[in-house]
Amino acid sequence: MLPAADRTTTAPRVSVVIPARDAAGFVGAALASAAGQTLRALEIIAVDDGSTDATWTVLERAAAADARIRPLRRARPGGAGAARNLAFAEARGTWLALLDADDLWLPDRLARMVAEAEASGADLLADDLLLRDFETGAELGTQFGGEGAGWIATEELLRRDMPDAPPGPPGAIGYAQPLIRRDFVRAHGLAYDETLETSEDLAFLFACLLAGARFRLSAEALYVYRVRPRSISRRAGVARAQAAANRAMMRLASGRAGPAVMRLLARRQDLLDGAAIAEAAQAGAWLAALGGARWHDPARLARDLR
């Protein structure tokens, strides 16, 4: 049970946001890593996104043991973005901290992140990811390899998430789970795009930067990203979903972003559209592949059909 000193009616410094769908077997570990932070002044908003397993029971039991845990429930699945939007609307903390249900934090992550964000004046602060195999617990290195830390501009965000970017560090920032200043989100009416099947994290970071956010990447690796073979980013059809997400980003940027950003988005769209066509062809969905081919451009058509 939570000590009496931690049972307070004052606003917490951090609102931890955990979306969970059919996560009964592992969300308890995520909750424990959040509750075990050395920074105690927090609330943990865990959203059951229409689970069909015992996730809600796990959340209720955790809330009974720790008053800082606030379980919320969606009747139907809406995706991680919808779950986070619900939590954002309920959050009371100065900072929003994102944690996926299958991931973990090192014990002093929040204390160190809040200190760096407040000292630097950042609106968003992301750290490096400690990659760990979900099944075996084997350490797999870090996402950014300690490279590329500092202030992140919109162009840098896109350049590091190009489909043809070389593997390895510094790596795509779209996987990061940042600390976010709640007042900035509310002042600019920011929310996750609930229509996206994937890349919703990248699209949200992109929207924040378009709104003028000061986004900093820390050199520290304090977030444990547990790699699962069945994660959304590794499922069939991901290229098509990523292409759709990039189109949504282009619509958002139209009239707001400069020429350099629009050129990067256009190049990224070209690469993702080509990948989606190849993905459909490899799956034997020839009508979808031919429907996506760029018939108006002979060079692109030849590349697509190849």
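Up top is the structure these notes are about.
Below: a short report on this structure. (Residues numbered from 1 in each chain as written. Predicted model: local features only at pLDDT ≥ 70, side-chain atom pairs only at ≥ 80, totals over all residues. Heavy atoms only, no water.)

### Concerning the pairing of strand β6 (residues 124–133)
Within β6, 7 of the 10 residues are buried, leaving the element largely enclosed by the surrounding structure. Of the pairings in the sheet, the one linking β6 to strand β9 (residues 179–181) comprises 2 bridges and is antiparallel in character. When the sheet's bridge partners are listed, L125 is paired in β9 with L179. In this sheet, strand β10 (residues 215–227) lies alongside β6 in parallel orientation, the contact comprising 9 bridges. Residue pairing for β10: L131 is matched across the bridge by Y225. Linkage of β6 to strand β7 (residues 139–142), two consecutive antiparallel strands, is achieved through a turn of 5 residues, within which G137 is found at a positive phi near 80°. (Buried < 20%, exposed > 50% of the residue type's maximum accessible area, 1.4 Å probe, protein only. Helix = DSSP H or I, 4+ residues; strand = E, 2+ residues; numbered from the N terminus. Pairing = 2+ DSSP bridges.)

### Structural notes on the packing of helix α7 (residues 200–210) against helix α8 (residues 238–253)
The contact between α7 and α8 brings their axes to 10 Å, and the two run at 10°. Regarding the angle of α7 to α8, the classification is roughly parallel. Contacts from L202, A203, F206, A207 and L210 of α7 reach α8 at M249, L252 and A253. Looking at the contact of α7 with α8 residue by residue, the classes come out as 8 nonpolar, no polar and no charged. (Axes fitted to C-alpha atoms, helices over the stretch in contact; angles between N-to-C directions. Parallel < 35°, antiparallel > 145°, perpendicular 65-115°, else oblique. Contact = heavy atoms within 4.5 Å. Nonpolar A, V, L, I, M, F, W, Y, C, P; charged D, E, K, R; others polar.)

Treat this as a map of the structure, not an account of what it does.
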